[in-house]
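Residue-level listing of the chains:
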Amino acid sequence: MMRNLLLLASAALLAGCGAAAPLTPPAGASLPVAPHGATTPPNADELLRRDALAAPERSVELRRRSEEREDDPFDLPPE
């Protein structure tokens with residue numbers, strides 16, 4: 001009984017750990033300056049958004065049949 005209560009209490013505490021407010025820089029600090037060519041500096045949400053090149057989509061294409069590997073000139077036996 002006590003173990004279940006402790007488990008429930010810890011789960012409730014962990015559930016409350018989520019961010020409730022938007023991100024802001026710490027006191028005395030500011031966001032980075034605007035990039036070259038931009039008129040306004042990016043906000044926190046724009047800075048956290050990843051580029052498509054930084055997080056490419058995964059290819060989930062499955063191989064339907066085996067294929068011969070190309071000859072690899074760097075696949076050398078150990079010396």
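Everything discussed here concerns the structure shown above.
Residues numbered from 1 in each chain as written. Predicted model: local features only at pLDDT ≥ 70, side-chain atom pairs only at ≥ 80, totals over all residues. Heavy atoms only, no water.

Enquirer: Honestly, the overall build of the protein in this entry has me stumped. Any pointers?
Expert: Helix and strand content of the protein: 2 helices and 0 strands. Principal-axis analysis of the C-alpha atoms gives the protein an extent of 60 × 55 × 35 Å. Here the protein holds 79 residues, and the buried ones make up 3% of them. Charged side chains of the protein number 8 positive and 12 negative; the gap between the two group centres comes to 12 Å. (Helix = DSSP H or I, 4+ residues; strand = E, 2+ residues; numbered from the N terminus. Buried < 20%, exposed > 50% of the residue type's maximum accessible area, 1.4 Å probe, protein only. Lys, Arg positive; Asp, Glu negative; His and termini not counted. Charge placed at Lys NZ, Arg CZ, Asp CG, Glu CD.)

Enquirer: How should the environment of Pro73 be read in this particular structure?
Expert: By secondary structure assignment, the location of Pro73 is in the segment after α2 (44-48). Between the C-alpha atom of Pro73 and that of Pro35, which follows or precedes it by 38 residues, the distance is 43 Å.

Enquirer: I keep staring at a negative patch on the surface and nothing clicks. Help me out?
Expert: A cluster of acidic side chains, namely Glu70, Asp71, Asp72 and Asp75, defines a negative patch on the protein surface. Following the sequence through the fold, Asp71 ends up in the segment after α2. You can call Asp71 exposed: its relative accessible area is 77%. (Patch = residues over 30% accessible without salt bridge, like charges linked within 9 Å, V, L, I, M, F, W, Y side chains within 5 Å. Areas by Shrake-Rupley, 256 points an atom, 1.4 Å probe, with all protein chains shown as cover. Salt bridge = Lys/Arg side-chain N within 4 Å of Asp/Glu carboxyl O.)

Enquirer: Looking at this model, I keep getting lost on helix α1 (residues 2-15). Mind explaining?
Expert: The α-helix advances 3.6 residues per turn, and as a result positions three or four apart in sequence lie on the same side. With 14 residues, α1 extends 20 Å between its outermost C-alpha atoms, agreeing within 8% with the 20 Å of an ideal straight helix rising 1.5 Å per residue. With 0 of 14 residues buried, α1 lies mostly on the surface of the structure. (Expected span 1.5 Å × (residues − 1).)

Enquirer: For this particular structure, what's the right way to read the environment of Arg64?
Expert: When you line up the elements, Arg64 lands in the segment after α2. With 29 residues separating them in the primary sequence, Arg64 and Pro35 have C-alpha atoms 46 Å apart.

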